[in-house]
Amino acid sequence: MEWKEISGSWVLIPPKPTSIIHFLGGAFVATAPHITYRLLLENIADKGFVIVATSFVNTLDHTAIAKLALLNFERTLLRLEERGILGKKYLPIYGLGHSMGCKLHLLIGSLFPVERAGNILISFNNYAARDAIPLIEQFNSTFKFNSNFAVEFTPSPLETQQLVQENYSVRRNLLIKFNNDTIDQSASLAKLLQQRFGEMVTTQILPGNHLTPLGQDVKWQTGKDFNPLDAIGQWFKQEVYRDLQQLKRTILFWLNPVSPL
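Not measured: the values here are computed from a predicted model.

Asker: Please explain the packing of helix α3 (residues 62–82) against helix α4 (residues 100–111) as it appears in this structure.
Answerer: For any two helices packed against each other, the geometry comes down to the angle between their axes and how far apart the axes lie. It is at 9 Å that the axes of α3 and α4 come closest, and there the two elements cross at 75°. As far as their axial angle goes, α4 and α3 are roughly perpendicular. Here His62, Thr63, Ile65, Ala66 and Leu70 of α3 lie close against α4, whose contacting residues are Met100, Lys103, Leu104, Leu107, Ile108 and Leu111. Here the contact of α3 with α4 is built from residues that sort into eight nonpolar, two polar and one charged.

Asker: Help me out: how do you make sense of the sheet that holds strand β2 (residues 9–12) in this one?
Answerer: Pairing between sheet strands relies on hydrogen bonds along the backbone, with the strands arranged either parallel or antiparallel. Read across the open sheet, the eight strands follow the order β1-β2-β4-β3-β5-β6-β7-β8; overall the sheet is mixed. What marks the edges here is a single partner per strand, and that holds for β1 (4–6) and β8 (201–206). Averaged over all pairs of adjacent strands, the angle between their axes in this sheet comes to 20°, without regard to strand direction. Note: β2 against strand β4 (residues 49–54), four bridges, orientation antiparallel. In the sheet register, Trp10 faces β4, and the bridge partner there is Ala53. Across the sheet, helix α2 (residues 38–45) is in contact with β2, β3 (19–24), β4 and β5 (93–98); its angle to β4 comes to roughly 150°.

About the thresholds
Residues numbered from 1 in each chain as written. Predicted model: local features only at pLDDT ≥ 70, side-chain atom pairs only at ≥ 80, totals over all residues. Heavy atoms only, no water. Axes fitted to C-alpha atoms, helices over the stretch in contact; angles between N-to-C directions. Helix = DSSP H or I, 4+ residues; strand = E, 2+ residues; numbered from the N terminus. Parallel < 35°, antiparallel > 145°, perpendicular 65-115°, else oblique. Contact = heavy atoms within 4.5 Å. Nonpolar A, V, L, I, M, F, W, Y, C, P; charged D, E, K, R; others polar. Pairing = 2+ DSSP bridges.

Such coordinate-based values are descriptive only and should not be taken to indicate function.
What follows is the structure in structure tokens.
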């Protein structure tokens, strides 16, 4: 499998695809998701899932980003269908988001008539602009002479919560929180979604931190004779992989509980 750029998305297609994953990454690493999330996405693709990782540039208008991400995703699927790459059988679509990508999937599921078999939301957070971007507060103070002027994400955290509460249409959801993630807000989202969909919402707490999904392959070339430094390198590689592999297994089991991991 090789990554291909198609209509604003990076695509990875396994030999016998069973489902489609629309991936949206975090705010500052989403411009090249095939690089920043490479190991996680390639491991999921190895199990038969088409990966469509849509690039985006972060702005204050999250509604516009969500709309463009959905448009590029649909354009990518159309190109794949026109080329006959996906075949003619129906493939269910799942959303997979990390950090800001979770908010975008929530907006897509609340504002647009999409059909999703489910969404996987990793390390969700819904902070106000002044909390998410420290420079925003400085920018606001520059214009403090105008009490009506304020810089905020669109929609705001409260508006996002109301949209999800009233309009979010994706019934089956997996929320993943890491035990060492201080900016995660999955608990409040879980309560909100469980009020709408009950037992269709699953929450998992895994070892790791907010950056765990970004884990990369660590290349360590051992010497001719295995020495203590090589042992340290192997240990470090195992530590990097451990939490990422647990994340991968959790995602794959939720997607297909009967499939071997």
